[in-house]
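If you want the building blocks of each chain, they are given just below.
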Amino acid sequence: MCDVAHRRVALPSSTDLARARDVVSRHLAPTPLVDSPLVGGRLKLETLQPTGAFKVRGALAALSRLPPGARAVTASAGNHGLGMAWASRTLGVPATVVVPETGSPAKLAALRALGADLRLHGSSYDEAEAFALTLEGTYVSAYNDRDVIAGQATLGAELPAGPVCVVAPAGGGGLLSGLALWAGARGEARVVGVEAAASRALSAAVTAGRVVPVGVGDTLADGLAGNLEPGSATVAGVAGVPIVAVTEAEIAEAMRALARAHGLVAEGAAAAGVAAVLSGGVSVTDREALVVALTGRNVALDVLAEVLSGVRHAP
């Protein structure tokens, strides 16, 4: 268990993982796996979740554990907030979502369409998170939450048996921690995380053995940007997991390659795993099947148009 400011957060137990699988399987269909010559493996299309991103898994798992009458509060760059809003409506649990004033217009519009209790605060995820922690209700972190991590682990539970290497984006480390727990319990599975080079808080924390502040630059992968909550459980959760970084140019090229090869829309954070494979940052053995998690599609149309046309290589 970790000291997290005034909160204490533990990594999920096997019981937590089983509960998460149960609630997620009752409310969400497994997302498709498609063959991809582009990456030399398969893509896990979390872009087809009802909110357009994988984070609805963790939101369902977390809100399903709250007692009757409880209210949830969260901060989000967008996709976790969308997951919380969808889970709130589905499960009947009220939730307040705090988003930076600089949040993606596409994600803000989607949050409003879901009827979220939306609050805009600050110019960064860090400021939004600090404000959310002052509000009344049960705080559900986008990454530093036992049940959220357990919910994200359900992505692994949908993969077929056999040796596999799963490549997944890494911001706060909720998905990566969940997949690491799943891989450890399953055997014949390993996980590789991918950060944006402009925001490397998770790998810095792993190297230091504790959360340390890092500089955060502008990035197409806005869902991966930001520092970690002090004491985040995900630092221990991803211990031993290799984490590589990709540049803005590599992220933009991956977004274009996914559109050309598959007709798929991927936001910058979602394309990070593909970017790592295309740039040679991930090695797979002859025995392993490669699965790249395509984690979200919620990108502003003007940004997408600029990336696809080659006008935009970096923010």
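See above for the structure.
Residues numbered from 1 in each chain as written. Predicted model: local features only at pLDDT ≥ 70, side-chain atom pairs only at ≥ 80, totals over all residues. Heavy atoms only, no water.

### Description of the overall build of the chain
Helices and strands together make up the secondary structure of the chain, namely 12 helices and 12 strands. The C-alpha atoms of the chain give a radius of gyration of 18 Å, which matches the 20 Å a tight globule of 315 residues would have. Seen along its three principal axes, the alpha-carbon backbone of the chain occupies a region of about 50 × 45 × 40 Å. Within the chain, the fraction of its 315 residues that count as buried is 56%. Put simply, 71% of the contacts in the chain that link residues at least 6 apart link residues at least 24 apart. Computed over 25 positive and 27 negative side-chain charges, the inter-centroid distance for the chain is 5 Å. (Helix = DSSP H or I, 4+ residues; strand = E, 2+ residues; numbered from the N terminus. Rg over C-alpha atoms; globule rule 2.2 N^0.38 Å. Buried < 20%, exposed > 50% of the residue type's maximum accessible area, 1.4 Å probe, protein only. Contact = heavy atoms within 4.5 Å. Lys, Arg positive; Asp, Glu negative; His and termini not counted. Charge placed at Lys NZ, Arg CZ, Asp CG, Glu CD.)

### A word on the side chain of threonine 74
As for its placement among the helices and strands, threonine 74 is situated in strand β5 (residues 72-75). The class for threonine 74 is buried, based on a relative accessible area of 0%. A polar contact is formed between the side chain of threonine 74 and the side chain of histidine 80, at a distance of 2.8 Å. For threonine 74, the contacting residues outside a window of four places in its chain are His80, Met84, Thr96, Val97, Val98, Ala132, Tyr139, Val140, Ser141 and Ala142. (Polar contact = N/O pair within 3.5 Å; in protein donor to acceptor, adjacent residues only side chain to side chain.)

### Some words on unusual backbone geometry
The phi angle at glutamate 188 is positive, at roughly 55°, despite the residue not being glycine. Tracing the backbone through its elements, the reader meets glutamate 188 in the loop between α7 (174-186) and β10 (189-196). On the accessibility criterion, glutamate 188 (49% relative accessible area) is partly exposed.

### A word on helix α6 (residues 146-157)
Counted at 1.5 Å a residue, the expected span for α6 with its 12 residues is 16 Å, and the 17 Å between its end C-alpha atoms agrees. Burial analysis of α6 places 10 of its 12 residues in the buried class, which makes it a mostly covered element. Within α6 the residues assigned to the buried category are Asp147, Val148, Ile149, Ala150, Gly151, Gln152, Ala153, Thr154, Leu155 and Gly156. The distance from a side-chain oxygen at the start of α6 to the backbone nitrogen of aspartate 147 is 2.9 Å, and the residue carrying that oxygen is aspartate 145. (Expected span 1.5 Å × (residues − 1).)

Note that all results are geometric; they support no functional claim without further evidence.
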